[in-house]
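Close look at the chain arrangement
Residues per chain, in single letters:
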Amino acid sequence: MSLLHRISVFGATALALCSALPCAQAQNSSNQLAQRPPMGWNSWNHFRNKVDDAVIRAQAEAMVSSGMRDAGYVYINIDDTWEAGRDANGNIQTNSKFPDMKALADFVHSKGLKLGIYSSPGSQTCAKFEGSLGHEEQDAKTYAAWGIDYLKYDLCGLKEQMKAASNPEEAHKIMIDSYKKMDVALRNTGRPIIYGLCQYGQDAVWRWGTEVGGNLWRTTGDISDKYAKMAEIGFSQAGLARFAGPGHWNDPDMLEVGNGGMTTDEYRTHMSLWAILAAPLLAGNDLSSMTPETLALLTNKEVIAVDQDAAGKQGDRVSTEGPIEVWSRHLADGSQAVGIFNRHHSALTTTVDFGTLGFTGPVKARDLWKGEELKNVKSSFQATVPAHGVVFLKVSQ
């Protein structure tokens, strides 16, 4: 079966499913969470399986003392490897790295922050720890009792069941049913818990993510701290804007800013593109030891304001010329965030015609990374863009 045919079939399956599910409720984001893209931190990119109670407490402290909380970052999310087995009643247990999850949640909450956790709809997680298969209601109740505010639900562990399905349609239904089951379980707790679907963009998840209760859904495979992978992921989001909005966001994966694998210009591209995409901003570095430069990248108020814009309209690619790409996002005040990206390995000069963005005559333009107004900007604008870099503007008539 061709990929195009499979997507068509999966779309029809999702529509059929919608008739049997409270889709209007899901489409309207009735849990009222994530009205703007979630901002916070996740443990995986830097700490991986080395995460523990002490790490989480240190990150929470650093998020407050650094000013990141005041900049809008509020979620402290524990990724995989916190899980032990289950007790005699089937209740999920934490391992020795997390001796008291409720006490940890209380500590995080005392800092004005929120705590996230991780699981899988399969019997095991990606790292082969205990998953939620067959225990969705129990696990959701446990998370609520602990004081959890965010769940990242990773498809990894369900892939065996999906591979055993007799056809792609059956595999798709297994996935849909599993994600919906946890959505219902979370809602039944009565606690507001953001629901993040981590399933790598399979089966055009952006078409049906809201139907299974997702507040956000991964649209890609895992990011890494390399420009090539970040750019591959970020620029591949073209065409997905219409599927995102308040309460339901496309998620191109977490931030790598500050982990050391990219240049400052490349990290500016990372932040700028994620802001235009209305992407969740989940830092993945060690907040307790970051440099002033990393902090400045993560907390640029004007860049964050684009990401968190009240209109909730994801941006999209406007034009390309070889390695030069121009992206634009319409903002609530009538202006546009315009990113002029250079994917080449050396600096390039290009000219942008603001008329192609709907502007007429001279415009007002502000460089968001430099924090300064540009003078005498006509209907076209010439920019020299650094290698793998960006010129990020806010443009208004």
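Look a little higher up for the structure.
What you see is a predicted model, and the numbers here were worked out from it, not measured in a lab.

1. Quick notes on the overall build of the protein chain
Counting its regular elements, the protein chain contains 13 helices and 18 strands. Computed over its C-alpha atoms, the radius of gyration of the protein chain comes to 21 Å, within 12% of the 21 Å expected for a compact globule of 397 residues. Expressed as a percentage of its 397 residues, the buried residues of the protein chain come to 54%. Contacts spanning at least 24 positions in sequence make up 71% of the contacts within the protein chain whose residues lie at least 6 apart.

2. A look at the state of the cysteines
Applying the stated criterion to the full structure yields 1 disulfide. Each disulfide pairs two cysteine sulfurs, and for C126 the partner residue is C156, the sulfurs being separated by 1.9 Å. Here the disulfide of C126 and C156 is right-handed, its torsion about the S-S bond being about 100 degrees. Within this pair, whereas C126 is found in the loop between β5 (114-119) and α7 (136-146), its partner C156 is found in the loop between β6 (150-154) and α8 (159-163), the two being separated by 30 residues in sequence. According to the relative accessible area criterion, C126 is partly exposed, its value standing at 33%. Exposure remark for C156: the relative accessible area of 25% places this residue in the partly exposed category. In this model C198 remains outside any disulfide bridge; the closest cysteine sulfur is found in C126, 6.7 Å from its own.

The rules behind each value
Residues numbered from 1 in each chain as written. Predicted model: local features only at pLDDT ≥ 70, side-chain atom pairs only at ≥ 80, totals over all residues. Heavy atoms only, no water. Helix = DSSP H or I, 4+ residues; strand = E, 2+ residues; numbered from the N terminus. Rg over C-alpha atoms; globule rule 2.2 N^0.38 Å. Buried < 20%, exposed > 50% of the residue type's maximum accessible area, 1.4 Å probe, protein only. Contact = heavy atoms within 4.5 Å. Disulfide = S-S within 2.5 Å.

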